[in-house]
Amino acid sequence: MVPGFATKLSPSFRLVSTYFISAIVSLIAVCIMLLLSYDEITGHHFSPKLLAITHMTVLGWIALTIFGAIFQLISIILKVKLFSEKLAFAQYAFHISGMILLVYSFWVFSFGALMITGGSLIVLSVVLFLINMAVTLSKRKKNNLTGLFLMASNIHLFLVVVLGLLLAINLGFPFIPGDHLSLLTVHAHIGIAGWIGMVIAGVSLKLIPMFTLSHGFSVKPAWGVFILVNSGVLGFSLFRIAGFGSAGDYVFVPFLAAGFILFFVQIILIIKKRMKKNLDLGIKFSMFAYSALLVAVLLSATFFFGHYDSVQKLNFPVLYGFILIFGFITQLILGQMYKIIPFLIWFHYYSSQVGLKDVPLLKDLYNRNLSKTQYYITNFSILLIVIAILINLPSLILAGFSFYFTGIILFSYNILSIYKR
């Protein structure tokens, strides 16, 4: 019943659940923040509320989910046990503390000791994570493509938090020459394309075939993804840091676009080779997310190469960021959580009872009708918000966020009810 997602090498159920449940709570907090500041969504992307929401989403919802998933997956991908759960719990404490301080500082737009302390705690938590991963990876007997993606993601993760801390210091005590907003763009792309992009690409190579029972597909596009995305992030960042402005964009943004298009191609190749012909809800979430990624790639080209007045008028930076974070990354995570969490709970609480008494099927651990309703609500609300941003209508944005919040409440109730069971 459980296709290799949990093994005897897996970390404790408590560790992974701590990260996952905290991620869900963070997502609820993000929705509340969106409702409280809906009228600022149509403004400039460098604003207190948008910066706070973005960091809450990335550091809370996305990062905590990624860390929890990696702790669980590392034993499956590389056949090794996580080096230290104590380090992972210490990382969690520093991460939560730093996130709260940082998000609060952005929300009230207070530069200085509080923001720098928050950023420093985030860096410390990432250092603990990287030490844990380095020792764990040193025990592996052989590497694979997913492991290679995860190692690259760790490098990007370190770079993005260090640059973020430097930018936080620079806000209160300016010392970095050049354009702060240009460096902020570097920070965002190392984080989204480099760190999160590498994690998603690598983990998708493992999870999508596992959940669709796909075999015999080519991974050549995945190698292209690895080369193009890493080259694009490196080149884009170096040109911006060196002060060449957008000169490198014409070379390296197409690298990133081509890399993520290849990633979409790789997913299609996997889906075509599936033995499980009917796509379940978790995979449907994922397919919506991968489609949103294509839209975001097209918007990125418009953002970097479009006419300045048109880009500002339609608020492409905010639109691009929203589709990427909520349409692609968040929908992908929502879908995978409907797969991962039932697997974990079934393995830890029911697998030992097989043959001794009747045990529930995975699909019976959560309310499928509720999950379908949530799927349609979140999809509809994302499309509604995109339209509202395009036509610059705050009242419609509020309606979209209200629908979205409803969907997230349904998701949270559905997932947490599995734990209650």
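Our structure is the block above this text.
Everything in this summary refers to the structure shown in the same document. (Residues numbered from 1 in each chain as written. Predicted model: local features only at pLDDT ≥ 70, side-chain atom pairs only at ≥ 80, totals over all residues. Heavy atoms only, no water.)

## As for the overall build of the protein chain
Assigned secondary structure in the protein chain consists of 13 helices and zero strands. When the elements of the protein chain are put in sequence order from the N terminus, they spell out α-α-α-α-α-α-α-α-α-α-α-α-α. Expected size for 421 residues packed as a compact globule is a radius of gyration near 22 Å; at 21 Å, the protein chain falls within 12% of this value. Its C-alpha atoms give the protein chain principal-axis dimensions of about 65 × 45 × 40 Å. Here the protein chain, with 421 residues, has 57% of them falling under the buried criterion. Carbon and sulfur atoms make up 69% of the accessible area of the protein chain, which totals about 17,500 Å². (Helix = DSSP H or I, 4+ residues; strand = E, 2+ residues; numbered from the N terminus. Rg over C-alpha atoms; globule rule 2.2 N^0.38 Å. Buried < 20%, exposed > 50% of the residue type's maximum accessible area, 1.4 Å probe, protein only. Areas by Shrake-Rupley, 256 points an atom, 1.4 Å probe, with all protein chains shown as cover.)

## A short note on the packing of helix H2 (residues 48-77) against helix H3 (residues 85-108)
Helix-helix packing: each pair is described by the crossing angle between the helix axes and the interaxial distance. It is at 8 Å that the axes of H2 and H3 come closest, and there the two elements cross at 170°. Classified by the angle their axes make, H2 and H3 are roughly antiparallel. Considered class by class, the residues forming the contact of H2 with H3 number 18 nonpolar, four polar and one charged. (Axes fitted to C-alpha atoms, helices over the stretch in contact; angles between N-to-C directions. Parallel < 35°, antiparallel > 145°, perpendicular 65-115°, else oblique. Nonpolar A, V, L, I, M, F, W, Y, C, P; charged D, E, K, R; others polar.)

## So, H2
Roughly 35° is the biggest bend found in H2, and it falls at Ala-63. Among the 30 residues in H2, 28 count as buried, and that is most of the element. At the exit of H2 stands Lys-79, carrying a positive phi of roughly 60°. (Bend = angle between axes of the 7 residues up to and from the residue.)

## Regarding the nonpolar core
Counting 148 residues, the largest nonpolar core has Trp-61 and Phe-328 as its most contacted members. With sequence-adjacent residues up to four places away left out, Trp-61 is seen in contact with Ala-23, Ile-24, Ser-26, Leu-27, Met-56, Thr-330, Ile-333, Leu-334, Met-337 and Phe-411. (Core = buried A, V, L, I, M, F, W, Y, C linked by side-chain atoms within 4.5 Å. Contact = heavy atoms within 4.5 Å.)

## Considerations on the pattern of salt bridges
For the structure shown, the criterion picks out two salt bridges. Linking Asp-249 and Arg-240 is a salt bridge whose minimum nitrogen-to-oxygen distance equals 2.6 Å. Like Asp-249, the residue Arg-240 is buried in the burial classification. One salt bridge in this structure joins Asp-280 and Lys-339, with 2.4 Å as the shortest N-O distance. In this pair, Asp-280 sits in the loop between helix H8 (249-272) and helix H9 (281-305) while Lys-339 sits in helix H11 (residues 316-349), placing the two residues 59 residues apart along the sequence. Across this residue pair, the class does not change: Asp-280 and Lys-339 are buried. (Salt bridge = Lys/Arg side-chain N within 4 Å of Asp/Glu carboxyl O.)

## Some details on unusual backbone geometry
A positive phi angle, near 55°, is found at Phe-109, a position not held by glycine. Inspection of the secondary structure assignment puts Phe-109 in the loop between H3 and helix H4 (113-138). On the accessibility criterion, Phe-109 (30% relative accessible area) is partly exposed. The phi dihedral of Leu-213 is positive, around 55°, even though this residue is not glycine. Structurally, Leu-213 is set in the loop between helix H6 (180-212) and helix H7 (220-241).

## Describing helix H5 (residues 145-172)
Here H5 spans 42 Å end to end across 28 residues, near enough to the 40 Å set by a 1.5 Å rise per residue. Among the residues of H5, the N-terminal cap falls to Asn-144, whose side-chain oxygen and the backbone nitrogen of Thr-146 are separated by 3.3 Å. (Expected span 1.5 Å × (residues − 1). Polar contact = N/O pair within 3.5 Å; in protein donor to acceptor, adjacent residues only side chain to side chain.)

## Comments concerning the packing of aromatic side chains
Under the counting rule described, the total for this entry stands at 23 aromatic pairs. Centroid distance Trp-61 to Phe-411: 6.4 Å. Interplanar angle 85°. Geometry classified as edge-to-face. Highlighted residues: Trp-61 in helix H2 and Phe-411 in helix H13 (residues 394-420), separated in sequence by 350 residues. Under the relative-accessibility criterion, Trp-61 is labelled buried at 0%. It is Lys-49 that lies over the ring of Trp-107; its NZ or CZ is 4.8 Å from the centre. (Phe/Tyr/Trp six-rings, centres within 6.5 Å; stacked < 30°, edge-to-face > 60°. Lys NZ or Arg CZ within 6 Å of the ring centre and 35° of its normal.)

## A closer look at the environment of Leu-319
The topology assignment puts Leu-319 in helix H11. According to the relative accessible area criterion, Leu-319 is buried, its value standing at 2%. Separated by 205 residues in the primary sequence, Leu-319 and Leu-114 have C-alpha atoms spaced 30 Å apart. Those residues in contact with Leu-319 that sit more than four places away from it in its chain are Leu-299, Val-386, Ile-389 and Leu-390.

## With respect to a nonpolar patch on the surface
On the surface, a nonpolar cluster with roughly 330 Å² of combined accessible area is contributed by Ile-387, Leu-390, Ile-391 and Leu-393. Along the chain, Ile-387 turns up in helix H12 (residues 368-391). When its relative accessible area of 44% is taken as the criterion, Ile-387 is described as partly exposed. (Patch = residues over 30% accessible without salt bridge, like charges linked within 9 Å, V, L, I, M, F, W, Y side chains within 5 Å.)

## Remarks on the packing of H4 against H5
Close contact between H4 and H5 brings their axes to 9 Å; oriented N to C, the two are set at 165°. Classified by the interaxial angle, the pair formed by H4 and H5 is roughly antiparallel. Note on packing geometry: the crossing formed by H4 with H5 is left-handed. Between H4 and H5, the residues in contact are Met-115, Ile-116, Gly-119, Ser-120, Ile-122, Val-123, Val-126, Phe-129, Leu-130, Met-133 and Leu-137 and Met-151, Asn-154, Leu-157, Phe-158, Val-161, Val-162, Leu-165, Ala-168, Ile-169 and Leu-171, respectively. Of the residues belonging to the contact of H4 with H5, the class tally is 18 nonpolar, three polar and no charged. (Left-handed = near helix turned anticlockwise from the far one by under 90°.)

Limitation: the analysis is restricted to geometry and does not speak to function.
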